[in-house]
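Each chain, letter by letter, is given below.
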Amino acid sequence: MGGYFAPVRIMIHSRFLFLISILLPNIDADEAMAQEKNGPGTELTIKKAKGTIRLDGILDEEDWLNANVATGFYMNLPVDTMPPSYQTEARLTFDQHFFYVSFVCYDNMEKPNIVQSLRRDFDTDMNDNIGLYMDPYNDHTNGFYFVITPYNVQHEGTVFGGGTFSDALNSNWDNKWYSEVKRYPDRWVAELAIPFKSFRYNNQVDHWNVTFLRKDLKHNQLSSWIATPIQYTATSFGYTGKLLWEETAPHPGPNVSLIPYGATTVSNDKENGVPTSFTGTVGLDAKVAVTPALNLDLTINPDFSNVEVDRQVINLTRFEYQFPERRTFFLENSDLFSTPGYPDTRPFFSRRIGLVRDASGNLQKIPIVYGARLSGKLGKNWRVGVMNLQTKKTESLGLPDQNYTVAVVQRQIFSRSNIDFFVVNKQSLGLNTYDSTKFYHSDLIRKVWNGSDTVKKLNLYNRVVGADFNLFTKSNNWNGDFYYHKSFDDFSTNNNYSYGGFLGYFSRHFSIMASRSGIGKNYNAEVGFVPAQAVYNGFVNGFSRTEGKIYPKQGAVTFMVPGLEFDYTQLPDGTVTDKMYVADYTINFKNTARIMATGRKIFQLLPMAYNPIDPVGLQSFQTRQQFDWNESNLQFYSDRRKIVTYTLNASAGQYYDGTKYGIAGTISYRYQPYVNITVTYDYQDIKISYGSAKFLLVSPRVDLTFTNKLFFTTIVQYNDRYNNVGLNTRFQWRFKPASDFFIVYTENYFSDTFNSRNQALVLKFTYWLNL
């Protein structure tokens, strides 16, 4: 690192204001390393604008010239011991309607910036960008972020869990804001105007918590205003400054947004003999700010036809694969509803609403009649969330009208920790006793003993209640999660529990974590995600992991992470069904490349019959068969700054009583910022005692971004494991902020014959209207 550029501001006041930036020569490395760090709690005062802020990338307004400057950025990656090569300045101001942010990003502009495309909600790890990360509740737990690239491409999202981990950012949240970027020979300048009506905040607290984070990918440097140690994510609210309001943040006033839509669909289903049909639908979403920090969301007859299709996978495990939620109604404050439990013991998973598997295992949509959600903050320490949705009776799938309710109340305790209580309820309406002449979905039927015979009974309701304690220490060293849940239905009154405990310690050179969770044999979270329950019917699971971090003082390596892990699963009677010993070693390079080698020793005792190459095949391994095997895995991620990038995941070893070899990864090419072509592939070659199989998944994706408002995407997914080729093309025109016109075409083919299975063409129009 040769040093950094330090700007000197000369302000000449006359009839007009002029701003001159003089770049001083680079100072030596010792002087750069002596730069004082901004620590947590560093104060930045925000002043109310006296004039009008024009978004043009020219910071010549008097309010910008008089604004306090947040600078002195310090690196988080690849090292955390010096400032970045090029410094950044951030300024804030506001008026009655907008929260304004400006950034001056000094740079070597002769070297092109890295921007994958002009599409919104880009991958922040794959683009040069600068962003504001703020906690407007002053709880060090929840907040928002707004990010911009040198090409004026926007990305926004929500922060939960204090931003402590990389998955604590939800980029699916979408809202209305404005920005402009101007590039100069020695810097690029961004101006953001964020309506106070676009995000939730507490205007009664004396300060907000903020930081600014710059990803300078072309120099492989991640820096932030508040210096953050390398072992923690720079988005952590444990490392933020205090934003002091010279005047109280304004109340946004009446804040109601209506988002009507209209859609027309032409579709057919040749596989099932369904003729071509034409349908037209209209619906409405509404957002009502009850208070600046509490929001009511309403939806009537929602349509999600413009949502990107799920990425297909080759799933060779015994467990259901969890696809992400992309439907907009479920995204704001989603952490309130979706984070109780552990990732594989969630009592609520929103994709259980409006989506269901048919008798063939295919995912089908169930119309949602309406939805309502009230969520946000009450005062400084309380969060609440209540959501209710109703789905429409669908006789072809054997489903009645069903109502779903989720309610959560969360209380912050200590500095950053919280405890929450929740209830999830699913109610099937209009059902009485089982009628053998009617068709019912398998989810509705249970076989019970009536004293003399096994009979079928309808499942009328399912409920889960519980409490979770989430531990986040002020120093970020300790993190924990503890919970206890119970389910209720008409079929069982005992062994219907779910519990878990996790505790981890994280330091600069060493991390250790351990967890134990248990599920009773009658625990039933129908609106949740508990994939192992379908395999074990009650189990206890645990894991422990230890990691080290080694930081070479010179050379091409940034840091190395050796790790050891042990996982186990046992049945309630103590029978051990699974054990896995893992050793891995990760090397992170200064050029952004990464390599990881893993070895695993696996033991399985099957609690039920299983066919790993054909789940519906006639042959299978039998219940209580035991297997021991070893496997190895090598992953490589190339330099992300190159025009052509790739990932590689190669695996080899034993597999049950046979062998398995696989290779998977991606190859990407970009003609920045307009064209991005990516091919994802996965090939698995399996041989076991009673058969063999070769599975291939190939998925090319072409992403064209003509402007930052006009996009075209085509995805093809060839997956011979499920005999399917899927085609999805989507044209999007964002003609106004948060207002879009979509044309979406989808078709599925048989992978062996390429005959069409089904197809659909959708035209959809949405418009965001502020009242």
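Trainee: What is the right way to read the overall build of the protein chain from this model?
Mentor: The helix and strand inventory of the protein chain stands at four helices and 45 strands. Scaling as 2.2 N^0.38, a compact globule of 771 residues should have a C-alpha radius of gyration of about 28 Å, and the protein chain matches this with 27 Å. Reported as C-alpha extents along the three principal axes, the dimensions of the protein chain are approximately 95 × 60 × 55 Å. Relative to all contacts within the protein chain whose residues are 6 or more apart in sequence, the contacts with residues 24 or more apart total 59%. Accessible area of the protein chain: about 33700 Å², with a carbon and sulfur share of 57%. Here the protein chain contributes 76 positive and 73 negative side-chain charges, whose respective centroids are spaced 1 Å apart.

Trainee: Explanation requested: empty space enclosed by the protein in the structure shown.
Mentor: Vacant regions in the atomic arrangement are exposed by a probe of water-molecule size rolled over the atoms. Tallied over the full model, the rule gives four cavities of 30 Å³ or more. Of all the secondary structure elements, the ones that give two or more residues to the lining of the second largest cavity are strand S9 (143-148) and strand S10 (154-159). When the residues that make up the lining of the second largest cavity are grouped by side-chain class, the tally is three nonpolar, four polar and three charged.

Trainee: In this structure, what is going on with the nonpolar core? I would like to understand it.
Mentor: Generally speaking, nonpolar side chains in soluble globular proteins are found buried as a group. Counting residues in each nonpolar core, the largest one holds 46 residues, and the members touching the most others are Phe99, Phe103, Phe199, Trp208 and Phe212. Each residue touching Phe212, except ones within four places of it in the same chain, is listed here: Leu44, Ala70, Phe73, Ala90, Leu92, Phe103, Gly131, Leu132, Ser223, Ser224 and Trp225. Ranked by size, the runner-up nonpolar core spans 26 residues in total, among them Phe329, Ile368, Val527 and Phe539.

Trainee: Looking at this structure, how should I read the environment of Asn541?
Mentor: As for its position among the elements, Asn541 is in strand S32 (residues 539-548). Residues Asn541 and Lys601, spaced 60 residues apart in sequence, show a C-alpha to C-alpha distance of 17 Å. Leave out the neighbours within four places in its chain, and Asn541 touches Ser515, Arg516, Ser517, Tyr568 and Thr569.

Trainee: Got a minute to help me understand the side chain of Ser651 in this structure?
Mentor: As for its placement among the helices and strands, Ser651 is situated in strand S37 (residues 644-655). With a relative accessible area of 19%, Ser651 lands in the buried category.

Trainee: What am I meant to see in a nonpolar patch on the surface here?
Mentor: Judged by side-chain polarity, Ile643, Val644, Tyr646, Leu648, Ile663, Ile667, Tyr669, Tyr671, Tyr674, Ile677, Val679 and Val702 come together as a nonpolar surface patch covering roughly 1000 Å² of accessible area. For the nonpolar patch, the elements supplying multiple residues, two or more each, are S37, strand S38 (658-671) and strand S39 (675-688). For Val702, the location among the structural elements is in strand S40 (residues 691-705).

Trainee: What is the right way to read unusual backbone geometry from this model?
Mentor: In this chain, Leu77 is followed by Pro78 through a cis amide linkage whose omega measures 0°. Its location among the elements puts Pro78 in the loop between strand S5 (74-77) and strand S6 (88-94). Note the cis peptide between Gln672 and Pro673, where omega equals 0°. Within the secondary structure, Pro673 is located in the loop between S38 and S39. One non-glycine residue with positive phi stands out, namely Asn138, at about 60°. Within the secondary structure, Asn138 is located in the loop between strand S8 (129-135) and S9.

Trainee: What exactly am I supposed to notice about the pattern of salt bridges here?
Mentor: Opposite charge on two side chains allows them to pair when their charged atoms are near. Under the criterion given, the structure shown has 31 salt bridges. A salt bridge links Glu89 to Arg91, with the nearest nitrogen and oxygen atoms 3.0 Å apart. In this structure Glu89 comes out as buried when scored by relative accessible area, which is 6%. We classify Arg91 as buried; its relative accessible area is 6%. Here Arg757 makes a salt bridge to Glu271, at a shortest N to O gap of 3.1 Å. One end of the pair, Arg757, is in strand S44 (residues 756-766); the other, Glu271, is in the loop between strand S17 (256-269) and strand S18 (274-291), with 486 residues separating them in the sequence. Look at Glu271 and you get partly exposed, because its relative accessible area is 34%. Through salt bridges with shared partners, one network takes in Arg120, Glu156, Asp174, Arg734 and Asp740.

Trainee: Is there a simple way to explain the pairing of strand S14 (residues 207-216) in this structure?
Mentor: Within S14, ten of the ten residues are buried, which leaves it mostly tucked inside the rest of the structure. Where burial is concerned, the two faces of S14 agree: the one with His207, Asn209, Thr211, Leu213 and Lys215 and the one with Trp208, Val210, Phe212, Arg214 and Asp216 are both buried. Looking at chain direction, S8 and S14 are connected through seven bridges and run antiparallel. Looking across to S14, one finds that Tyr133 is bridged to Thr211. Judged from the four bridges that link them, S14 and strand S16 (residues 241-245) form a sheet pairing that is antiparallel. By the bridge assignment, Asn209 is partnered in S16 with Lys242.

Trainee: When you look at the packing of aromatic side chains in this model, what are you seeing that I'm missing?
Mentor: Between two aromatic rings, the relevant description is the distance of the centres plus the angle of the planes. Counted under the stated rule, the structure contains 50 aromatic pairs. Pairing Tyr434 with Tyr440 gives two aromatic rings, centres 5.4 Å apart and planes at 35°, and the pair type is tilted. What makes Tyr434 partly exposed here is its relative accessible area of 27%. Residue classification places Tyr440 among the buried positions, given a relative accessible area of 10%. Taking the ring centre of Tyr551 as reference, the NZ or CZ of Arg508 above it sits at 5.1 Å.

Trainee: Could you clarify how one ought to interpret the pairing of strand S13 (residues 187-195) in this entry?
Mentor: Taken across its nine residues, S13 has nine buried, putting it largely inside the fold. Alternating positions in S13 separate into two faces, Arg187, Val189, Glu191, Ala193 and Pro195 on one and Trp188, Ala190, Leu192 and Ile194 on the other, with burial throughout. Bridge analysis of strand S12 (residues 178-183) against S13 gives six bridges, and the strand direction is antiparallel. Across the sheet, Ser179 pairs through a bridge with Leu192, a residue of S13. Counting the residues between successive antiparallel strands, the hairpin from S12 to S13 contains three residues.

Trainee: What exactly am I supposed to notice about the environment of Ile667 here?
Mentor: Relative to the helices and strands, Ile667 resides in strand S38. Distance in space between the C-alpha atoms of Ile667 and Leu605 is 38 Å, their sequence separation being 62 residues. With near-sequence residues (within four places) excluded, Ile667 lies in contact with Thr645, Tyr646, Ile677, Thr678, Val679 and Tyr681.

Trainee: Please clarify how the side chain of Thr569 should be interpreted in this entry.
Mentor: Position of Thr569 relative to the elements: it lies in strand S33 (residues 557-570). Residue classification places Thr569 among the buried positions, given a relative accessible area of 8%. One polar contact links Thr569 to Asn541, side chain to side chain, over a distance of 3.0 Å. With near-sequence residues (within four places) excluded, Thr569 lies in contact with Tyr536, Phe539, Val540, Asn541, Thr575, Val576, Thr577 and Asp578.

Trainee: What should I look at first to understand the confidence of the model for the protein chain in this one?
Mentor: Close inspection of predicted coordinates is inappropriate for parts of the model with low pLDDT. Overall, the prediction assigns the protein chain a mean pLDDT of 91, with 95% of residues at 70 or greater. Confidence drops under pLDDT 50 across residues 1-33; counting only partners more than four residues distant or on other chains, this segment forms 68 contacts.

Basis of the calculations
Residues numbered from 1 in each chain as written. Predicted model: local features only at pLDDT ≥ 70, side-chain atom pairs only at ≥ 80, totals over all residues. Heavy atoms only, no water. Helix = DSSP H or I, 4+ residues; strand = E, 2+ residues; numbered from the N terminus. Rg over C-alpha atoms; globule rule 2.2 N^0.38 Å. Contact = heavy atoms within 4.5 Å. Areas by Shrake-Rupley, 256 points an atom, 1.4 Å probe, with all protein chains shown as cover. Lys, Arg positive; Asp, Glu negative; His and termini not counted. Charge placed at Lys NZ, Arg CZ, Asp CG, Glu CD. 1 Å grid on protein atoms, 1.4 Å probe; cavity = no way out; pocket = protein on both sides within 12 Å on 5 of 7 lines; lining within 4 Å. Points joined across faces, edges and corners; volume = space filled by probe spheres on them. Nonpolar A, V, L, I, M, F, W, Y, C, P; charged D, E, K, R; others polar. Core = buried A, V, L, I, M, F, W, Y, C linked by side-chain atoms within 4.5 Å. Buried < 20%, exposed > 50% of the residue type's maximum accessible area, 1.4 Å probe, protein only. Patch = residues over 30% accessible without salt bridge, like charges linked within 9 Å, V, L, I, M, F, W, Y side chains within 5 Å. Salt bridge = Lys/Arg side-chain N within 4 Å of Asp/Glu carboxyl O. Pairing = 2+ DSSP bridges. Phe/Tyr/Trp six-rings, centres within 6.5 Å; stacked < 30°, edge-to-face > 60°. Lys NZ or Arg CZ within 6 Å of the ring centre and 35° of its normal. Polar contact = N/O pair within 3.5 Å; in protein donor to acceptor, adjacent residues only side chain to side chain. pLDDT = per-residue confidence, 0-100.

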